[in-house]
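Topology and contacts: notes
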Amino acid sequence: AYLNFPGLIHTQSFLANIATQVLLMGAVEYFRENSGPLGEAAGMYTGGAFESLGLGNEPDTLAELQVKEIKNGRLAMFSILEF
């Protein structure tokens, strides 16, 4: 039992875990690529209060940081499959 509670049971099938991850992350990536929030693809990257250091003030730097963030997120999604 997980945390002394038998209702919390981990996935026993590795393939089911992979299939769930692929489906959920694929849906998120599809949503991000095609429509974005409220159908505005240009509004996908926040700024303002979330960008208080001003790292993305220059367009080239902002584009590079956006690519790094996407790659980091995808690496995190992939690495969760191992745990």
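These notes cover the structure that comes with them.

About the cut-offs
- Residues numbered from 1 in each chain as written.
- Predicted model: local features only at pLDDT ≥ 70, side-chain atom pairs only at ≥ 80, totals over all residues.
- Heavy atoms only, no water.
- Helix = DSSP H or I, 4+ residues; strand = E, 2+ residues; numbered from the N terminus.
- Buried < 20%, exposed > 50% of the residue type's maximum accessible area, 1.4 Å probe, protein only.
- Areas by Shrake-Rupley, 256 points an atom, 1.4 Å probe, with all protein chains shown as cover.
- Axes fitted to C-alpha atoms, helices over the stretch in contact; angles between N-to-C directions.
- Parallel < 35°, antiparallel > 145°, perpendicular 65-115°, else oblique.
- Left-handed = near helix turned anticlockwise from the far one by under 90°.
- Contact = heavy atoms within 4.5 Å.
- Nonpolar A, V, L, I, M, F, W, Y, C, P; charged D, E, K, R; others polar.
- Salt bridge = Lys/Arg side-chain N within 4 Å of Asp/Glu carboxyl O.
- Patch = residues over 30% accessible without salt bridge, like charges linked within 9 Å, V, L, I, M, F, W, Y side chains within 5 Å.

**Here we look at the overall build of the chain**
- Helix and strand counts for the chain stand at two helices and zero strands.
- When each of the 83 residues of the chain is scored for burial, the buried share is 6%.
- Of the roughly 7200 Å² that the chain leaves accessible, carbon and sulfur atoms contribute 64%.

**Side note on the packing of helix H1 (residues 14–34) against helix H2 (residues 59–79)**
- Where H1 contacts H2, the two axes come as close as 11 Å, and the packing angle between them is 165°. Between H1 and H2, the crossing angle belongs to the class labelled roughly antiparallel. Considering only the axes of H1 and H2, their crossing is right-handed. The segment H1 lies against H2, with Gln21, Met25, Glu29 and Arg32 engaging Ile70, Arg74 and Met77.
- Taken together, the residues that form the contact of H1 with H2 break down as three nonpolar, one polar and three charged.

**Some remarks on the pattern of salt bridges**
- Considering all chains together, one arrives at one salt bridge under this definition.
- Measuring nitrogen to oxygen at the nearest pair gives 3.1 Å for the salt bridge that ties lysine 68 to glutamate 64. Residue lysine 68 and its partner glutamate 64 are located together in helix H2, separated by four residues, close to a single helical turn.

**So, a nonpolar patch on the surface**
- Side chains of Leu53, Leu55 and Leu65 sit close together on the surface and give an oily, nonpolar patch of about 310 Å² of accessible area.
- Looking at the element boundaries, leucine 55 is found in the loop between H1 and H2.

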